[in-house]
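What the coordinates show
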Amino acid sequence: MLKAKLGIAPIAWWNDDLPELSDDVSLEECLRQASAAGFTGMETGRRFPMNMRELGPILRHYGISVCGGWFSGLLLDGDMSKEKDRIAEQMAFFKAAGAPCIVYGETARSIQGDRSRPLATKPKLSEDEIKPYGRKMTAFAQWCLDQGMPISYHHHMGAAIETEPELDLFMKHSGSALQLLFDAGHMAFAGGDVLRVIDKHHARITHVHTKDVRIEVINSLDRSKDSFLDAVVRGAFTVPGDGSLDFVTIVKRLASYGYEGWFVIEAEQDPVKNPPLKMAETGHKELLRVMSAANYSVGD
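Notes on the structure in this doc start here.

**Digging into the overall build of the chain**
Across its full length, the chain holds 11 helices and 12 strands. Over its C-alpha trace the chain gives a radius of gyration of 18 Å, about what one expects of a compact globule, namely 19 Å for 300 residues. Along the first, second and third principal axes, the C-alpha atoms of the chain reach 50 × 45 × 40 Å. When each of the 300 residues of the chain is scored for burial, the buried share is 57%. Long-range pairs, those at least 24 residues apart, make up 81% of the contacts in the chain between residues at least 6 apart in sequence. Total accessible area on the chain is roughly 11,900 Å²; 48% of this is exposed by carbon and sulfur atoms. Both charge centroids of the chain, one from 34 positive and one from 41 negative side chains, sit 2 Å from each other.

Shown next, in the form of structure tokens:
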């Protein structure tokens, strides 16, 4: 059987871009709820101390490990040496924590955190612009690998690499050192074919976000007026088992290519309308069903 681990991101409890969409709980309570729901991994968030001497005992108490975490990269417009300096502290912490990867999110030119910018105003790169960016990201990824901590690139709504065609070009013009985080929810929101993306890029997928979507919310958006954060507020995202995506088919497709590793729920939404513990329990129950159907063995 293939091996899987189930993790969750703290964005369901604390939203970094929209503090008003945050549950008023401590790090310890967030970890307690994640553990109670059945998860054994959590990606890092803003209330995580970046020090394993402080964090380690807390994680051990709740049976949770660090299964990734976001880095706001600026390499599209930035200097390679500066980006190496910026990621160094997180890299040292993740190595000490035994994390599988750092999630690289390109935030240069991104509109994802700006509620005044409609979805239609996302940055757009020509193939001639993607070529050097792909080479730059590959060199950075190789350096991270050489330091002992791989990065996994997150295609993302509102960012330069958002759509399926953009991702195709980016993969074409980058090398195998640059690994891919596959996020079903972001790709569905961007109008891509999630199964086709897996078929094309499975060899580079090393981390998976099982973000679900409410397709009726996405279809109701006016992309010339509504921002990414407007979509989040309206409930565009949710956990598996509460949304529109068929995760049995998605995970079976990943299994057909031999993917093993973390499946992480990352579903930012209003914690008042969608209590994080309840959502975590719903998502974990559905993932267990999906993993069984896809012949995965779920471990710690």
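Let's pick the thread back up.
**Structural notes on the environment of tryptophan 143**
Its location among the elements puts tryptophan 143 in helix α4 (residues 127-146). Along the sequence, tryptophan 143 and lysine 84 sit 59 residues apart, while their C-alpha atoms lie 8.5 Å from each other. Apart from the residues lying within four places of it in its own chain, the contact partners of tryptophan 143 are Lys84, Ile87 and Met91.

**Focus: the pairing of strand β11 (residues 261-265)**
Of all the 5 residues making up β11, 4 are buried; the element is thus mostly covered by neighbouring parts of the structure. Where strand β8 (residues 205-209) meets β11, 2 bridges bridge the pair, whose relative direction is parallel. The partner of histidine 209 across the bridge, within β11, is valine 264.

**What about unusual backbone geometry?**
Glycine aside, negative phi is the norm for most residues, and most peptide bonds take the trans geometry. Located in the positive-phi region is arginine 109, a residue other than glycine, with phi close to 70 degrees. If you trace the backbone, arginine 109 turns up in the loop between β5 (102-106) and α4. For arginine 109, a relative accessible area of 40% translates into the label partly exposed. A positive phi angle is found at asparagine 295, which is not glycine, with a value near 65 degrees. Considering the arrangement of structural elements, one finds asparagine 295 in the loop between α11 (276-293) and β12 (296-299). On the basis of relative accessibility, which here comes to 45%, the residue asparagine 295 falls in the partly exposed class.

**Notes on the side chain of threonine 238**
With respect to the helices and strands, threonine 238 occurs in strand β10 (residues 237-238). When its relative accessible area of 0% is taken as the criterion, threonine 238 is described as buried. There is a polar contact of 2.7 Å between the side chain of threonine 238 and the side chain of aspartate 242. If we skip the residues at most four places from it in the chain, threonine 238 touches Lys211, Asp212, Val213, Arg214, Gly243, Ala267, Gln269 and Met279.

**Quick notes on the nonpolar core**
Counting residues in each nonpolar core, the largest one holds 94 residues, and the members touching the most others are Trp13, Met137, Ile151, Phe189, Phe263 and Tyr296. Excluding residues within four positions of it along the chain, tyrosine 296 makes contact with Met1, Leu2, Lys3, Ala4, Val251, Leu254, Ala255, Tyr259, Phe263 and Met291.

**Focus: the packing of α4 against helix α5 (residues 164-172)**
For the pair α4 and α5, the least separation of the axes is 8 Å and the interaxial angle reads 55 degrees. Classified by the interaxial angle, the pair formed by α4 and α5 is oblique. Considering how the two elements wind past one another, α4 and α5 form a crossing that is right-handed. When α4 is examined against α5, the residues Glu127, Ile130, Tyr133, Gly134 and Met137 are found in contact with a partner set consisting of Glu166, Leu169, Phe170 and Lys172. The residue inventory of the contact of α4 with α5, partitioned by class, reads 5 nonpolar, 1 polar and 3 charged.

**Observations concerning the state of the cysteines**
What makes a disulfide is a covalent bond joining the sulfur atoms belonging to two cysteines. Summed over all chains, the structure comprises 0 disulfides. Looking at cysteine 30, it has no disulfide partner, and the nearest cysteine sulfur is the one in cysteine 67, 11 Å off. No disulfide involves cysteine 144; its sulfur sits 11 Å from that of cysteine 101, the nearest cysteine. Among the residues examined, cysteine 144 registers a relative accessible area of 0% and is labelled buried.

**Overview of the packing of aromatic side chains**
Summed over all chains, the structure comprises 14 aromatic pairs. An aromatic cluster is present here, built from Phe71, Tyr104, Tyr133, Phe140, Trp143, Tyr153 and Phe170 joined pairwise through their rings. Here the guanidinium or amino end of lysine 211 rests over the ring plane of phenylalanine 237, the centre of that ring lying 4.2 Å away.

About the thresholds
Residues numbered from 1 in each chain as written. Predicted model: local features only at pLDDT ≥ 70, side-chain atom pairs only at ≥ 80, totals over all residues. Heavy atoms only, no water. Helix = DSSP H or I, 4+ residues; strand = E, 2+ residues; numbered from the N terminus. Rg over C-alpha atoms; globule rule 2.2 N^0.38 Å. Buried < 20%, exposed > 50% of the residue type's maximum accessible area, 1.4 Å probe, protein only. Contact = heavy atoms within 4.5 Å. Areas by Shrake-Rupley, 256 points an atom, 1.4 Å probe, with all protein chains shown as cover. Lys, Arg positive; Asp, Glu negative; His and termini not counted. Charge placed at Lys NZ, Arg CZ, Asp CG, Glu CD. Pairing = 2+ DSSP bridges. Polar contact = N/O pair within 3.5 Å; in protein donor to acceptor, adjacent residues only side chain to side chain. Core = buried A, V, L, I, M, F, W, Y, C linked by side-chain atoms within 4.5 Å. Axes fitted to C-alpha atoms, helices over the stretch in contact; angles between N-to-C directions. Parallel < 35°, antiparallel > 145°, perpendicular 65-115°, else oblique. Left-handed = near helix turned anticlockwise from the far one by under 90°. Nonpolar A, V, L, I, M, F, W, Y, C, P; charged D, E, K, R; others polar. Disulfide = S-S within 2.5 Å. Phe/Tyr/Trp six-rings, centres within 6.5 Å; stacked < 30°, edge-to-face > 60°. Lys NZ or Arg CZ within 6 Å of the ring centre and 35° of its normal.

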